[in-house]
Amino acid sequence: AVVSTQSTGHKKKEPIMEWAKEIAGASTGMAPGFTTLLGGIPKPSPVIKYIPFTLAKGDVTVTINGEVVELSGIGGDGAPPPVPEQDQATPAAEGEHSYRLEELAYLRSGDKGDMANLGVICRVPGLYAALDARLSAEVVRAHFSYLGPDLKVTKYHLPGTYAFNFVMENALGGGGIASLKSDPQGKAIGQIFSDFVVEGLKEKTEYGL
């Protein structure tokens, strides 16, 4: 099966409307087996872009019922957390087996603006060291290189959970309603990465699976 997703952008609404009229003919004039255009002729919609940022707590004045309230407790100076070391050496083979990542871990993904989060949770604690050695930021970036040349991936460890979080910057074409990508919220990234093949492992039972 072939699935085609098309999108386009223009500063003015009228050219988009003309494109929509042309693409509508695909529902009757394309190759046999074409299903339909859902919802009729596509309608132009605005692409609203936004720029998220952090702000130091001390720079914010909060007023409730006319009285200034001092912020205390949670929060900090607005500085981002330190980034852990990302360079990882190529691991030595532990065995001759290869498995799809889905067999070894649970995966979830989602978005924060133009960034996607990819979570990988080991199915059993015994797999943590083997997957940690084989799932580097560079491995993830290479697997999703089609998302664009500006893709940046940072790997974080989640202590006590046998899990990793990969933060993928510039992955969603602006993200949300600002994006023309078919998956603007990165919900499919986890499913896509589940097909990644992890090589050089022992028999699964030796890890506790």
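For the structure, see preceding data.
Participant: Give a detailed account of the pattern of salt bridges, specifying residues and quantitative values.
Facilitator: Scanning all chains against the criterion turns up seven salt bridges. Between E18 and K21 there is a salt bridge; the shortest N-O distance is 3.5 Å. One end of the pair, E18, and the other, K21, are both in helix 1 (residues 13–24), three residues apart, so they sit about a helical turn from each other. Bridged by salt links that share partners, the residues R100, E102 and D195 form one connected network.

Participant: I'd love a proper account of the nonpolar core, names of residues and values included.
Facilitator: Of all hydrophobic cores here, the largest spans 31 residues; its most connected members are L101, L118, L131, F144, M168 and F193. The leading source of residues in this core is strand 5 (residues 115–122), at four residues. With residues near it in sequence (within four places) discarded, M168 still touches D114, M115, A116, L118, V140, F144, L147, L151, K152, V153 and I189.

Cut-offs used in this document
- Residues numbered from 1 in each chain as written.
- Predicted model: local features only at pLDDT ≥ 70, side-chain atom pairs only at ≥ 80, totals over all residues.
- Heavy atoms only, no water.
- Salt bridge = Lys/Arg side-chain N within 4 Å of Asp/Glu carboxyl O.
- Helix = DSSP H or I, 4+ residues; strand = E, 2+ residues; numbered from the N terminus.
- Core = buried A, V, L, I, M, F, W, Y, C linked by side-chain atoms within 4.5 Å.
- Buried < 20%, exposed > 50% of the residue type's maximum accessible area, 1.4 Å probe, protein only.
- Contact = heavy atoms within 4.5 Å.

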